[in-house]
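Next come the chains, spelled out residue by residue.
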Amino acid sequence: MTKYTIVAAALALLAGPASAAEGGAGQPDAQLIKQGEYLSRAGDCIACHTAPDGKPFAGGLGLDSPLGMIYSTNITPDKETGIGEYTLEDFDRAVRHGVAKDGHSLYPAMPYTAYAKVTPDDIKALYAYFMHGVEPVKQANKDTDIIWPLSMRWPLGVWRWMFAPDVVAGAPADAAPAGPAADAEVLRGKYLVEGLGHCSTCHTPRGFALQEKALTDADGTAFLSGGVVEGWLAKNLRGDTVDGLGSWSKEDIVAFLKTGVNGHSATFGGMSQVVADSTQHLTDADLNAIAAYLKTLSPVNPDATQPMAYDESAAQALRTGKDQSEGAIAFLNNCAACHRSTGKGYAQTFPQLALSSTVNSADPTSLIHIVLKGAQLPGTAHAPTRYAMPGFDWRLTDQEVASVVSFVRSSWGNQASAVSAADVAKVREEVGAAPQPAR
């Protein structure tokens, strides 16, 4: 499983094998290495730099980016094929500045725009872990398949000058707990969300040059307002009640990050991997800090803050057979066993569809994708059972998928717009689903 390609594509483009001498003389203490391991979990470094069935951090993960095929690089401390010859300064320059050891700029999909906010002390801990806590693996890096002129690097320096933020020289000014404990918690969450967590990389829409439209909440409500990545909608994390986190409590957010499921939703797509490899390993204090910060974000649409109300009419029509529409019949035949005629699903097992922010998002991409290809919960320490939904791409035509998705988006109090067969056909092609069955 990969993390969102838009992140992984450029992480893979760290320069080839390095050759400069490693800085520092002694072995770091065990506590610093342990701290670096924890921070690597917070940054989910393993996602982009580990191929399926490959050694951790040895690279080789193929990523089909808009520019061409890219392969993640070996970031183990092997001195010939990895980063074993990187100094701390080399490491810092790549992670926070977006400049590889040999001086070329990394592609802007690499989240160095977020990592610029990581403190030097945390960079030092990460460096200690990668140099002394990761097994060296001798595995040569693969060349990218990006064709000229897209393979030229000099324009990326211009991009960095235009869009990359300043790199922090020390602890961020707004990270010092100067107020009550609650303020300190929010500031810690802000640091994690905007920095190592690089949540904005997937959850913020991108501009004409693939730059994030906002890097912080101070830049505007585009920040964390949602974006489409790898055929999934990375949801709105702001305070909107319909498609954001407005109806989620702080406890709901923590449960989702720890287990992949809560009373509102279940994880899917790249976020499943994030939960499995990253957020489930964070401390309760850090998860609560992330949730506390997310709950401070104002809605994109402040005029639509009324929570939606459940409507039983669709459930009654399904139970009595009154609704004989194509969408209702398709739902009964394919969905009701798990999600129930009430649309409420089964708590902690099969997510509810009624009043779901995923269902009610203006962009139906994720819902169509799930119906076509299915989804599976990650197995976590606190929720080890990997419940799965099968894909229906082989069984349902584009029109049938459109009908059932439209039915779900307009039932039980849901208020989202209908989708068309053309919408489904587009997603079917983009995600590599099976051709629709002949009828």
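Calculation notes
- Residues numbered from 1 in each chain as written.
- Predicted model: local features only at pLDDT ≥ 70, side-chain atom pairs only at ≥ 80, totals over all residues.
- Heavy atoms only, no water.
- Patch = residues over 30% accessible without salt bridge, like charges linked within 9 Å, V, L, I, M, F, W, Y side chains within 5 Å.
- Areas by Shrake-Rupley, 256 points an atom, 1.4 Å probe, with all protein chains shown as cover.
- Salt bridge = Lys/Arg side-chain N within 4 Å of Asp/Glu carboxyl O.
- Helix = DSSP H or I, 4+ residues; strand = E, 2+ residues; numbered from the N terminus.
- Buried < 20%, exposed > 50% of the residue type's maximum accessible area, 1.4 Å probe, protein only.
- UniProt positions renumbered as here; feature names shortened; annotations may be inferred.
- Contact = heavy atoms within 4.5 Å.
- Axes fitted to C-alpha atoms, helices over the stretch in contact; angles between N-to-C directions.
- Parallel < 35°, antiparallel > 145°, perpendicular 65-115°, else oblique.
- Nonpolar A, V, L, I, M, F, W, Y, C, P; charged D, E, K, R; others polar.
- Pairing = 2+ DSSP bridges.
- 1 Å grid on protein atoms, 1.4 Å probe; cavity = no way out; pocket = protein on both sides within 12 Å on 5 of 7 lines; lining within 4 Å.
- Polar contact = N/O pair within 3.5 Å; in protein donor to acceptor, adjacent residues only side chain to side chain.
- Expected span 1.5 Å × (residues − 1).
- Arc of directions from axis to C-beta.

A. Quick peek at a nonpolar patch on the surface. On the surface, a cluster of nonpolar side chains totalling about 730 Å² of accessible area is made up of Trp154, Val158, Trp161, Met162 and Phe208. Structurally, the position occupied by Phe208 is in the loop between helix H9 (200-203) and strand S3 (227-229). Looking at Phe208, the relative accessible area reads 75%, which means it is exposed.

B. Up close: the UniProt feature "binding site: heme c 1" (unreviewed entry) in the protein chain. According to UniProt, the "binding site: heme c 1" (unreviewed entry) feature falls on Cys45, Cys48 and His49. Structurally, the position occupied by Cys45 is in helix H3 (residues 45-48). Setting aside its immediate chain neighbours within four residues, Cys45 contacts Ser40, Phe57 and Phe130. Mapped onto the secondary structure, His49 falls in the loop between H3 and strand S1 (62-65).

C. The arrangement of the packing of helix H14 (residues 326-334) against helix H18 (residues 398-409) in detail. At a minimum axis separation of 8 Å, H14 and H18 run at an interaxial angle of 90°. It follows from the interaxial angle that H14 and H18 lie roughly perpendicular. Where H14 abuts H18, its residues Glu326, Gly327, Ala328, Ala330 and Phe331 lie against Gln399, Glu400, Ser403, Val404, Phe407 and Val408. The residue inventory of the contact of H14 with H18, partitioned by class, reads 6 nonpolar, 3 polar and 2 charged.

D. Spatial organisation of the pairing of S1. The alternating pattern of S1 places Leu63 and Ser65 on a buried face and Gly62 and Asp64 on a face that is not buried. Bridge count for S1 against strand S2 (residues 68-71) is 4 bridges, and the pairing is antiparallel. The residue bridging Gly62 from the neighbouring strand is Tyr71, located in S2.

E. Local environment of the UniProt feature "binding site: heme c 3" (unreviewed entry) in the protein chain. In the numbering used here, UniProt assigns the feature "binding site: heme c 3" (unreviewed entry) to Cys335, Cys338 and His339. Those annotated residues from the list above that line the second largest pocket are Cys335, Cys338 and His339. Take Cys338: it is sitting in helix H15 (residues 336-339). You can call Cys338 partly exposed: its relative accessible area is 31%. Once residues within four sequence positions are removed from consideration, Cys338 is found in contact with Gly345, Tyr346 and Phe350. Note on placement: His339 falls in helix H15. For His339, a relative accessible area of 11% gives the class buried. Filtering out sequence-adjacent residues up to four positions away, His339 remains in contact with Phe331, Lys344, Gly345, Pro351, Leu353 and Met389.

F. Region of the structure containing the side chain of Asn414. Its place among the elements puts Asn414 in the loop between H18 and helix H19 (421-430). Residue Asn414 is classed as buried on the basis of its relative accessible area of 5%. Among the polar contacts made by the side chain of Asn414, one reaches the main-chain carbonyl oxygen of Leu353 at a distance of 3.1 Å. A polar side-chain atom of Asn414 sits 2.6 Å from the main-chain amide nitrogen of Leu355.

G. Helix H2 (residues 30-43), seen in detail. Here H2 contains 14 residues, and its C-alpha end-to-end distance of 20 Å stays within 8% of the 20 Å for a straight helix at 1.5 Å per residue. For H2, the complete set of buried residues consists of Ile33, Gly36, Leu39, Ser40, Ala42 and Gly43. Down the axis of H2, the sector holding all buried residues measures 165°, keeping them to one side. Of the exposed residues in H2, the ones pointing more than 90 degrees away from its buried face are Ala30, Gln31 and Lys34.

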